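Here's the letter readout for the chains.
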Amino acid sequence: AEGYAPERGVRPVRDHEYYAAQREGRTWGGHGTMDLVAAFRKSSNVFFAQLAVQLGADRLAALAGRAGLDRPVVLFDGSSGRMASKPGLVPDRQWRERRGELAQAGFGQGRLLVTPMHVAVLVGTIARGGVPCAPRLARRQPVTEGPRLFEAATAAGLRKLMRDAVVAGTGRPADVPGL
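Residues numbered from 1 in each chain as written. Predicted model: local features only at pLDDT ≥ 70, side-chain atom pairs only at ≥ 80, totals over all residues. Heavy atoms only, no water.

## Some points on the pattern of salt bridges
Thought 1: On inspection of all chains with the given rule, the structure shows seven salt bridges.
Thought 2: In this structure, R71 engages D70 in a salt bridge whose closest nitrogen and oxygen atoms are separated by 3.3 Å.
Thought 3: What makes D70 partly exposed here is its relative accessible area of 35%.
Thought 4: Between D175 and R163 there is a salt bridge whose closest N-O contact spans 3.2 Å. Taken together, the residues span a long stretch of sequence, with D175 in the segment after α7 (152-168) and R163 in helix α7 at a distance of twelve residues.
Thought 5: Its relative accessible area of 41% is what places R163 among the partly exposed residues.
Thought 6: Put simply, R98, E101 and R111 are held in one network by salt bridges that share partners. (Salt bridge = Lys/Arg side-chain N within 4 Å of Asp/Glu carboxyl O. Buried < 20%, exposed > 50% of the residue type's maximum accessible area, 1.4 Å probe, protein only. Helix = DSSP H or I, 4+ residues; strand = E, 2+ residues; numbered from the N terminus.)

## Regarding the environment of A64
Thought 1: Within the fold, A64 resides in helix α4 (residues 57-66).
Thought 2: Taking the C-alpha atoms as reference points, A64 and R11, separated by 53 residues in sequence, lie 25 Å from one another.
Thought 3: With residues up to four places along the chain from it excluded, the contact list for A64 reads L69, D70 and V90. (Contact = heavy atoms within 4.5 Å.)

## Points about the packing of aromatic side chains
Thought 1: Under the definition given, this model contains three aromatic pairs.
Thought 2: Aromatic side chains Y18 and Y19 sit 5.1 Å apart centroid to centroid with 90° between the ring planes, which places their arrangement in the edge-to-face category.
Thought 3: Among the residues examined, Y19 registers a relative accessible area of 22% and is labelled partly exposed.
Thought 4: With a centroid separation of 6.2 Å and an interplanar angle of 80°, the aromatic rings of F40 and F48 are classed as edge-to-face.
Thought 5: Assessed through its relative accessible area of 17%, F48 is described here as buried.
Thought 6: Here the aromatic residues F40, F47 and F48 are joined through ring pairs into a cluster of three or more. (Phe/Tyr/Trp six-rings, centres within 6.5 Å; stacked < 30°, edge-to-face > 60°.)

## Some words on the pairing of strand β1 (residues 74-78)
Thought 1: Of the pairings in the sheet, the one linking β1 to strand β2 (residues 81-84) comprises four bridges and is antiparallel in character. Each residue of the ladder has a partner; that of V74, found in β2, is A84.
Thought 2: Linkage of β1 to β2, two consecutive antiparallel strands, is achieved through a turn of two residues. (Pairing = 2+ DSSP bridges.)

## Details of a nonpolar patch on the surface
Thought 1: A grouping of F76, M83 and L137 is seen on the molecular surface, where their side chains present a nonpolar patch of about 280 Å² in accessible area.
Thought 2: As for its placement among the helices and strands, F76 is situated in strand β1. (Patch = residues over 30% accessible without salt bridge, like charges linked within 9 Å, V, L, I, M, F, W, Y side chains within 5 Å. Areas by Shrake-Rupley, 256 points an atom, 1.4 Å probe, with all protein chains shown as cover.)

## Brief notes about unusual backbone geometry
Thought 1: Phi angles above zero are rare outside glycine, and S43 is one such case at about 55°.
Thought 2: Tracing the backbone through its elements, the reader meets S43 in the loop between α2 (36-42) and α3 (45-55).
Thought 3: Relative accessible area serves as the criterion here: at 33%, S43 is assigned to the partly exposed category.

## Some words on the side chain of N45
Thought 1: Relative to the helices and strands, N45 resides in helix α3.
Thought 2: Polar side-chain contacts of N45 include one of 3.3 Å to the backbone oxygen of R14. (Polar contact = N/O pair within 3.5 Å; in protein donor to acceptor, adjacent residues only side chain to side chain.)

## Brief notes about the layout of surface pockets
Thought 1: As a volume, the largest pocket reaches approximately 1500 Å³.
Thought 2: The wall of the largest pocket is formed by 37 residues, among which F40, F48, G106, L122 and L158 lie closest to the centre.
Thought 3: For the lining of the largest pocket, the secondary structure elements donating two or more residues are α2, α3, α4, α6 (116-127) and α7.
Thought 4: Taken as a whole, the second largest pocket spans an internal volume of roughly 450 Å³.
Thought 5: Contributing to the lining of the second largest pocket are 22 residues, with A67, G68, R71, V121 and P132 lying nearest its centre.
Thought 6: With four residues, the single largest contributor to the lining of the second largest pocket is α6.
Thought 7: Classifying every residue of the lining of the second largest pocket gives 13 nonpolar, five polar and four charged. (1 Å grid on protein atoms, 1.4 Å probe; cavity = no way out; pocket = protein on both sides within 12 Å on 5 of 7 lines; lining within 4 Å. Points joined across faces, edges and corners; volume = space filled by probe spheres on them. Nonpolar A, V, L, I, M, F, W, Y, C, P; charged D, E, K, R; others polar.)

Spatial relationships are all this shows, so hold off on functional conclusions.
See the structure below:
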């Protein structure tokens, strides 16, 4: 309930339930100890902030680079020109000493910046069993796969976590019948 302060002088990271209780004049007791499944289901900022700091800037930067989050996503590259997203701003090795920024990036906030296309490609990679695919604007365009980002079992586990968050967690409003 107290949140997580990754370094001195930095406002603690808190979960959304803390702020909801504060707005209603209540005290929130916190989630207590939780594992990855519960943290994903509850969308726990505190859990993912701690995890990002524990993993460190080097490991997060390497993964973000492998996922292409630090590069533009090319939507079209032809004789009439090139259309691409902006590159993302992701944790890099310079964030080693900035634990507060690294913690914020762990749950998708702070200085972290990726485009909707980056997120779509990453979610598509999870859906495709860990193999990324370049976006296409037309069905007649060939499918262009990238190198495997992670193992199929990891992708299956992520799909399960994502579905669980929609069925039993903070993503319930997105549980559209038939989708």
